[in-house]
Amino acid sequence: MKILGIGNALVDVLVKLPDEKLLSELDIAKGSMNLIDAEKREMIFEKIKNFTITQTTGGSVSNTTLALKQLGEPVGFMGKAGNDLYGDFYLKEMTQREIELHLIQEEALSGTAIALIAPDGERTFCTYLGAAADMRKTDLHPSILEQYTHFYIEGYLVQNHELIETALEMAKSLGMTTIFDLASYNVVASDKEFIQSLVDRYVDILFANEEEAKALTGKSSDQALLEIAKKTPMVVMKGGAKGSWVKQKDLFIHAPVYKEIHPLDTTAAGDYYAAGFFYGMINQANAEKCAQLGTLLSYHIIQVIGTKLPEETWNEIREKAKAILAEEC
């Protein structure tokens, strides 16, 4: 098993807010993902210039591939960035981490995601997609996909119907296992019918949180999980402090959180969960262990600001992950 991820190649600009006043000023919903234009991007940068800012590579699938690589698994990523300082930063960071990088660079501004982190750790994204949104179906080549067995794509690409549908159709035609993350409740709500059609026709494994599952089905989270599972072979639903659930055929499991903790920053919690889950799949673990590995990684990432963990933490994670895999069922 070897995963190729496709998603927005972004640079995250992380800002820890002292309160929620700026969210009100910007008139944006806490916890949402908001697409912004270049003008609003500059306006927000002006408002946050006196805050402490951390810069790191970002993008949902990009975060997952980096975490999976840290667990020792080969993984690929495909995306598009600009020929600017942010694009060069992204290229350098991903190359240094030894990701199998299929990055297209063009003369444009790179995508940036400004993450406004509230005191309770919840993040609100103001995302300028830039070059990331310029990826086209002509950028997809079977010769790249054929190097992998599993294809992982994020819902944040859904604004480009032609790209995401072509990508899933190509992966499916090559016999790859297709994995789709719904990404954000407002992304789902804004294009529900199209997303549902993708799930019905192409998706083998669906990742969602409770709000995304509700947005897709219009039902409560437990009923939403069962509804989605009627059309998708495997559904993984994340519930934050409530843990996660996996539904696959007759199998239904609940995995509690690794440990209860007050999050410092929930940025990339779902991305890291996916990486842990995939690590279990690669090592032929059952669904319960895959979910446990997902919760292990998400537990650690919510204790730091941003999407990166120090090496000593990764050493601890690797040892615990091996122990989970070795445990008897």
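So, here's what we can say about the structure. (Residues numbered from 1 in each chain as written. Predicted model: local features only at pLDDT ≥ 70, side-chain atom pairs only at ≥ 80, totals over all residues. Heavy atoms only, no water.)

Brief notes about the overall build of the chain
Inference 1: Along the chain, the regular secondary structure elements total 13 helices and 14 strands.
Inference 2: Taking 2.2 N^0.38 as the reference for a compact globule, 329 residues should give roughly 20 Å; the C-alpha atoms of the chain span a radius of gyration of 18 Å, in line with that estimate.
Inference 3: Dimensions of the chain along its principal axes, counting C-alpha atoms only, are 55 × 45 × 40 Å.
Inference 4: Across the 329 residues in the chain, those meeting the buried criterion constitute 57%.
Inference 5: Nonlocal contacts in the chain, meaning residues at least 24 apart in sequence, comprise 74% of its contacts between residues at least 6 apart. (Helix = DSSP H or I, 4+ residues; strand = E, 2+ residues; numbered from the N terminus. Rg over C-alpha atoms; globule rule 2.2 N^0.38 Å. Buried < 20%, exposed > 50% of the residue type's maximum accessible area, 1.4 Å probe, protein only. Contact = heavy atoms within 4.5 Å.)

Thoughts on the pattern of salt bridges
Side-chain pairs of opposite charge can arise where the charged atoms are in close proximity.
Inference 1: Counted by the stated rule, this structure contains 19 salt bridges.
Inference 2: Salt-bridge contacts for D120 lead to K30; the nearest nitrogen and oxygen are separated by 2.6 Å. Note that D120 is positioned in the loop between strand 7 (111-117) and strand 8 (123-128) and K30 in the loop between helix 1 (21-26) and strand 3 (33-35), a separation of 90 residues in sequence.
Inference 3: Owing to a relative accessible area of 32%, D120 belongs among the partly exposed residues under this scheme.
Inference 4: E42 is the partner of R41 in a salt bridge, and the nearest nitrogen-oxygen pair spans 2.6 Å.
Inference 5: For R41, a relative accessible area of 7% gives the class buried.
Inference 6: Owing to a relative accessible area of 43%, E42 belongs among the partly exposed residues under this scheme.
Inference 7: Counted as one network, the salt bridges with shared partners bring together E20, K30 and D120. (Salt bridge = Lys/Arg side-chain N within 4 Å of Asp/Glu carboxyl O.)

With respect to the packing of helix 11 (residues 269-282) against helix 13 (residues 311-326)
When two helices pack together, their arrangement is captured by the angle between the axes and the distance separating the axes.
Inference 1: Closest axis-to-axis distance for the helix 11/helix 13 pair is 11 Å, and the angle between their directions is 45°. As far as their axial angle goes, helix 13 and helix 11 are oblique. Here the hand of the crossing between helix 11 and helix 13 comes out right-handed. Contacts between helix 11 and helix 13 involve Y272, Y279 and G280 from the first element and W314, A321, K322 and L325 from the second.
Inference 2: A per-class count over the contact of helix 11 with helix 13 returns five nonpolar, one polar and one charged. (Axes fitted to C-alpha atoms, helices over the stretch in contact; angles between N-to-C directions. Parallel < 35°, antiparallel > 145°, perpendicular 65-115°, else oblique. Left-handed = near helix turned anticlockwise from the far one by under 90°. Nonpolar A, V, L, I, M, F, W, Y, C, P; charged D, E, K, R; others polar.)

As for the environment of A269
Inference 1: If you trace the backbone, A269 turns up in helix 11.
Inference 2: Sequence separation between A269 and I301 is 32 residues, and the spatial gap between their C-alpha atoms is 6.2 Å.
Inference 3: With sequence-adjacent residues up to four places away left out, A269 is seen in contact with S298, I301 and I302.

What to know about the sheet that holds strand 10 (residues 177-181)
Inference 1: Sheet architecture is open: nine strands sit in the order 6-5-1-9-10-11-12-13-14, paired in mixed fashion. One side of each edge strand has no neighbouring strand; the edge strands of this open sheet are strand 6 (100-106) and strand 14 (251-255). Here the strands of the sheet are splayed against their neighbours by 15° on average, with no regard to which way each runs.
Inference 2: Note that strand 13 (residues 244-248) and strand 14 share five bridges and pair antiparallel. Paired with K247 across the bridge in strand 14 is F252. (Pairing = 2+ DSSP bridges.)

Observations concerning the environment of I3
Inference 1: Tracing the backbone shows I3 in strand 1 (residues 3-6).
Inference 2: Assessed through its relative accessible area of 2%, I3 is described here as buried.
Inference 3: A sequence separation of 147 residues divides I3 from H150, and the C-alpha atoms of the two residues are 4.7 Å apart.
Inference 4: Residues within four places of I3 in sequence aside, it is in contact with L68, V75, G76, Y148, H150, Y152 and F278.

Observations concerning the sheet that holds strand 4 (residues 53-58)
Inference 1: Strands sit in the order 3-8-7-2-4 across an open sheet of five strands; the sheet is mixed. Looking at strand neighbours, the two that pair on one side only are strand 3 and strand 4, the edges of this open sheet. Taken over all neighbouring pairs, the strand axes of this sheet differ in orientation by 20° on average, direction set aside.
Inference 2: In this sheet, strand 7 lies alongside strand 2 (residues 10-16) in parallel orientation, the contact comprising seven bridges. Within strand 7, the residue paired with L14 across the bridge is A115.
Inference 3: Against the sheet, helix 4 (residues 85-96) contacts strand 2, strand 4 and strand 7, and its axis sits at roughly 65° relative to strand 4.

Overview of the nonpolar core
Inference 1: In this structure, F151, I153, F180 and I195 are the most contacted members of the largest nonpolar core, which totals 50 residues.
Inference 2: If one sorts the elements of this core by residue count, helix 6 (residues 161-173) sits on top with six residues.
Inference 3: Dropping the residues within four chain positions of it, I195 is found in contact with V158, F180, L182, V187, V188 and L216.
Inference 4: Counting residues in hydrophobic clusters, the runner-up holds 49 residues, among them L66, A287, W314 and I324. (Core = buried A, V, L, I, M, F, W, Y, C linked by side-chain atoms within 4.5 Å.)

A closer look at the pairing of strand 11 (residues 205-209)
Here is the key point about a regular strand: its side chains alternate between the two faces of the sheet.
Inference 1: The buried fraction of strand 11 amounts to four of the five residues, a majority that puts the element mostly inside the structure.
Inference 2: Here strand 10 pairs with strand 11 via three bridges, running parallel. Note on strand 11: the bridge partner recorded for I179 is I205.
Inference 3: As paired elements, strand 11 and strand 12 (residues 234-238) share five bridges and run parallel to each other. If you follow I205 over to strand 12, its bridge partner there is M234.

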